[in-house]
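Chain by chain, the residues run as shown.
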Amino acid sequence: MKPTGIYGLMAEFDTADELVDAGRKAYSEGYRKLDAYSPFPIEALDEAIGIPHTILPWLVFFGGLLGGAAGYSLEYWTQVIHLPFIIGGKPLHSWPNFIPVWFETTVLGASLTAVIGMLGLNGLPLPYHPVFNIDEFLNHAQKDKFFLVIESKDPRFNLDSSKKFLSSLSPANVWEVPN
Amino acid sequence: MAIHETQTPSSHVTPEQLAPPWIVDHMRKRWIGVAGLSSIVAIALLLFNSGTFEGRQQFFRAYLVGYLFCFGLMLGSTALLMLQHVTGGKWGLVIRRMLEAGSRTLPIVAFMFIPIAFGAKYLYPWAGAMPLDVHGQHALHVREPFLNFNAWIGRAIFYFLSWGLFIYLFNKWSLKQDVPPESPDAANDLRLRFMRLGGGGLVFYAITLTLAAVDWVMSLDAVWYSTIWGMLYMGAQVLSTMAFMIAVLALLAKYEPMKSLLRKTELHDNGKLLLAFVMLYTYLSFSQFIIIWSGNLPEEITWYLARTQHGWKPVMLTLVIFHFVVPFLILLNRNIKKQPARLRAVAILILFARVGEIYWQVNPNFKDTSGLTGHFNPNLMDVVLPIALASIWITAFFYQLKKRPLIPAYHHLVPEILEPSHGAH
């Protein structure tokens, strides 16, 4: 299937500060389907373009709890039910001895959830993205330029007025991004 | 990093702009009041109780608890100072002058040691004033070449002199970063010197603190030993120091120059370190427990038995909750680590838990008047004297903090912390 229409409008900036300012202005203008691209993480950018907080920390927290519960159950089952064996004269359910394995499985559960959840939530790996159609983006997005994209999905998106708005932010360039 | 190098440095600040705010002096005055008041109460209590051996012993027990807390903050400051010189980083730059102020309290802390030297016979079984069972007598007979008063006091003098040498050099060299460097080469040479002294100093710290922790705390028990004890004290010192420095940093963040200098990034980094140290300390402490508990050997397990019986079990559980569970769960939250007021509250909680833990480590060693293992039986001296020592230390800290600009103005990372947080990170 041949893609049709345009994906959105892209503006190119020379510095991180300009990108953050532009993002903030676009957000206050009412645009919500925004994305920004920079060669390195910029702390204030998420907030500037209104990216919602990720739920990943909560997933990781509960993944950890689940891993811990699984590890503890495994220990309880093996040590108390399946093969009761007295070690060092201690009770079968010697919970202090269970803590190291419980801790390790908690870490395992949390870290697996973090990696899998991260990939699930951000949609990576992503072999194709419309922004790759812009040569300037391919050549500079990972090196020395900063990009802001307003997607055509945005309810306020209008090719002419949005282009005029982006141009008003004094970018180095503005492109239409084909789908 | 390439980004930073290509950017032109922001406008510079002068040491005058980085001068400590009035609150530092205000805090010093306030804490000297607390110190005076609690010292008077503690001395009155001592005079009132000085008629009996137990009464005098009570003073030294409480004194040791307060002393170990202050000592931990002083030497912990030195350790973190050396660590940040070795690793570098902006988190260390914003607390560096506070760490240096903490390290410069060494003369006070060394002076505070004198009463312990005079009271050794009330505290330490090897000093010969306490009745011992057969095991204790045998253990002390074997350990006599190491644990006798002359060797003990000689080592203490050696520790203080050698730590003092490191602290003197770090503080002396640090002044050179308050003036413009003669050349880029000179600045780099200084960084390298800091790094080398810090690296060597950390090794020296690990060895000497292990010995000091054995001398001053572990030898409260005639028989018991733990090979992780030194590491436990290192973990405890850096944890309490980090908590103290965050508490001060959050206070200073309300006033210029820190108000505009302290970015969320650096506060967050220090908060993350606090969380890491909470976990490190718990890990070390639990390691000691699980090994001794699993082995269940008579010469080791008695230490934990004394600390889980006779009313000490609720104390231990309270410590597990407030030294680990509560700070850990709160500090997991990213937003809290970026808010000075909340981070400060957690840090102060950790400091109280630290004193509680030292109390729990020290006091069950002492027999009650009944001759049994120590019961949990706190009295006014246990509260007042640690407050007196801690407030004397805090007074000295703020006195030292006032002496120098809050950040070395010509440190190579200063241009980076002057950039607003939303720019290149």
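Values in this document were obtained by computation on a predicted structure and should not be read as measured data. (Residues numbered from 1 in each chain as written. Chains lettered and ligands numbered in written order. Predicted model: local features only at pLDDT ≥ 70, side-chain atom pairs only at ≥ 80, totals over all residues. Heavy atoms only, no water.)

## Notes on the overall build of chain B
A tally of regular secondary structure across chain B gives 17 helices and 0 strands. In summary, chain B has a C-alpha radius of gyration of 22 Å against a globular reference of 22 Å for 425 residues, a match within 12%. When its C-alpha atoms are laid out on the principal axes, chain B stretches across 75 × 45 × 40 Å. Counting across all 425 residues of chain B, residues that qualify as buried make up 54%. Of the contacts formed within chain B by residues at least 6 apart in sequence, a portion of 84% connects residues at least 24 apart. If you sum the accessible surface of chain B, you get close to 18,500 Å²; carbon and sulfur atoms cover 68% of it. When the 34 positive and 23 negative side-chain charges of chain B are each reduced to one mean point, those points stand 6 Å apart. (Helix = DSSP H or I, 4+ residues; strand = E, 2+ residues; numbered from the N terminus. Rg over C-alpha atoms; globule rule 2.2 N^0.38 Å. Buried < 20%, exposed > 50% of the residue type's maximum accessible area, 1.4 Å probe, protein only. Contact = heavy atoms within 4.5 Å. Areas by Shrake-Rupley, 256 points an atom, 1.4 Å probe, with all protein chains shown as cover. Lys, Arg positive; Asp, Glu negative; His and termini not counted. Charge placed at Lys NZ, Arg CZ, Asp CG, Glu CD.)

## Some points on the environment of Arg-342 of chain B
Residue and element names in this part refer to chain B. The residue Arg-342 is located in helix 15 (residues 340-362) in this model. Residue class for Arg-342 comes out partly exposed when judged on its relative accessible area of 47%. In this structure the C-alpha to C-alpha distance between Arg-342 and Ile-330, which are 12 residues apart in sequence, comes to 9.4 Å.

## Quick look at the confidence of the model for chain B
Residues and elements named next belong to chain B. When pLDDT is averaged across chain B, the result is 87; 95% of the residues are at 70 or more. Overall, residues 1-10 carries pLDDT values under 50, and its contacts beyond four positions in sequence, including any with other chains, amount to 13 contacts. Across the whole predicted complex the pTM is 0.85, and at the interface the ipTM reaches 0.73. (pLDDT = per-residue confidence, 0-100.)

## Observations regarding the pattern of salt bridges
Residues and elements named next belong to chain B. The tally for this structure, following the rule as stated, stands at 16 salt bridges over all chains. A salt bridge links Glu-100 to Arg-97; the shortest N-O distance between them is 3.0 Å. Placement of both Glu-100 and Arg-97 in helix 4 (residues 90-103) is noted, with a separation of 3 residues, approximately one turn of the helix. A single network of salt bridges, built from pairs that share partners, joins Arg-96, Arg-97, Glu-100, Asp-178 and Arg-404. (Salt bridge = Lys/Arg side-chain N within 4 Å of Asp/Glu carboxyl O.)

## Overview of the packing of helix 4 of chain B against helix 16 (residues 380-401) of chain B
All names here are of chain B. Close contact between helix 4 and helix 16 brings their axes to 8 Å; oriented N to C, the two are set at 125°. Here helix 16 runs oblique to helix 4, going by the angle between their axes. For the pair helix 4 and helix 16, the sense of crossing is right-handed. Taken together, the residues of helix 16 that come into contact with helix 4 (itself represented by Arg-97, Met-98, Ala-101 and Gly-102) are Trp-393, Phe-397, Gln-400 and Leu-401. Residue composition of the contact of helix 4 with helix 16, by class: 5 nonpolar, 2 polar and 1 charged. (Axes fitted to C-alpha atoms, helices over the stretch in contact; angles between N-to-C directions. Parallel < 35°, antiparallel > 145°, perpendicular 65-115°, else oblique. Left-handed = near helix turned anticlockwise from the far one by under 90°. Nonpolar A, V, L, I, M, F, W, Y, C, P; charged D, E, K, R; others polar.)

## Some thoughts on the packing of aromatic side chains
Taken as a whole and assessed by the stated rule, the structure comprises 50 aromatic pairs over all chains. With 6.3 Å between their ring centres and 25° between their planes, Trp-58 of chain A and Phe-62 of chain A make a pair best called stacked. Within this pair, Trp-58 of chain A and its partner Phe-62 of chain A are both found in helix 3 (residues 56-82), separated by 4 residues, close to a single helical turn. Assigned by exposure class, Trp-58 of chain A and Phe-62 of chain A land together as exposed. Aromatic pair Trp-393 of chain B and Phe-397 of chain B: ring centres 5.7 Å apart, planes at 20°, arrangement stacked. A residue pair is termed a helical-turn pair when its members lie 3 or 4 positions apart in one helix, as Trp-393 of chain B and Phe-397 of chain B do in helix 16 at 4 residues. (Phe/Tyr/Trp six-rings, centres within 6.5 Å; stacked < 30°, edge-to-face > 60°.)

## What to know about the side chain of Arg-404 of chain B
All names here are of chain B. Inspection of the secondary structure assignment puts Arg-404 in the loop between helix 16 and helix 17 (414-418). A distance of 2.9 Å separates the side chain of Arg-404 from the backbone oxygen of Asn-171, its partner in a polar contact. Among residues more than four places away in sequence, those in contact with Arg-404 are Pro-20, Arg-97, Glu-100, Arg-104, Asn-171, Ser-174 and Leu-175. (Polar contact = N/O pair within 3.5 Å; in protein donor to acceptor, adjacent residues only side chain to side chain.)

## Overview of the domain arrangement of chain A
Here chain A is partitioned into domain 1 (6-52 + 130-178) and domain 2 (56-122). Averaged C-alpha coordinates put domain 1 of chain A and domain 2 of chain A at centres separated by 44 Å. (Domains from an automatic or database assignment.)

## Thoughts on the nonpolar core
Counting residues in hydrophobic clusters, the biggest one holds 137 residues, and the most contacted among them are Tyr-67, Tyr-124, Trp-216, Phe-397 and Leu-401 of chain B. A total of 18 residues in this core trace back to one element, the largest contributor, which is helix 3 (residues 53-87) of chain B. With residues near it in sequence (within four places) discarded, Leu-401 of chain B still touches Pro-20, Val-24, Arg-97, Met-98, Ala-101, Arg-104, Val-248, Leu-252 and Leu-406 of chain B. With 24 residues, the next largest nonpolar core counts Tyr-31, Leu-34, Phe-165 and Leu-166 of chain A among its residues. (Core = buried A, V, L, I, M, F, W, Y, C linked by side-chain atoms within 4.5 Å.)

## A word on helix 3 of chain B
Residues and elements named next belong to chain B. Taking 1.5 Å per residue as the helical rise, helix 3 with its 35 residues ought to reach 51 Å, and the 49 Å between its terminal C-alpha atoms agrees with that figure. By the criterion of burial, helix 3 is predominantly enclosed, with 29 of the 35 residues buried. Backbone geometry just downstream of helix 3 places Gly-88 in the positive-phi region, at approximately 70°. (Expected span 1.5 Å × (residues − 1).)

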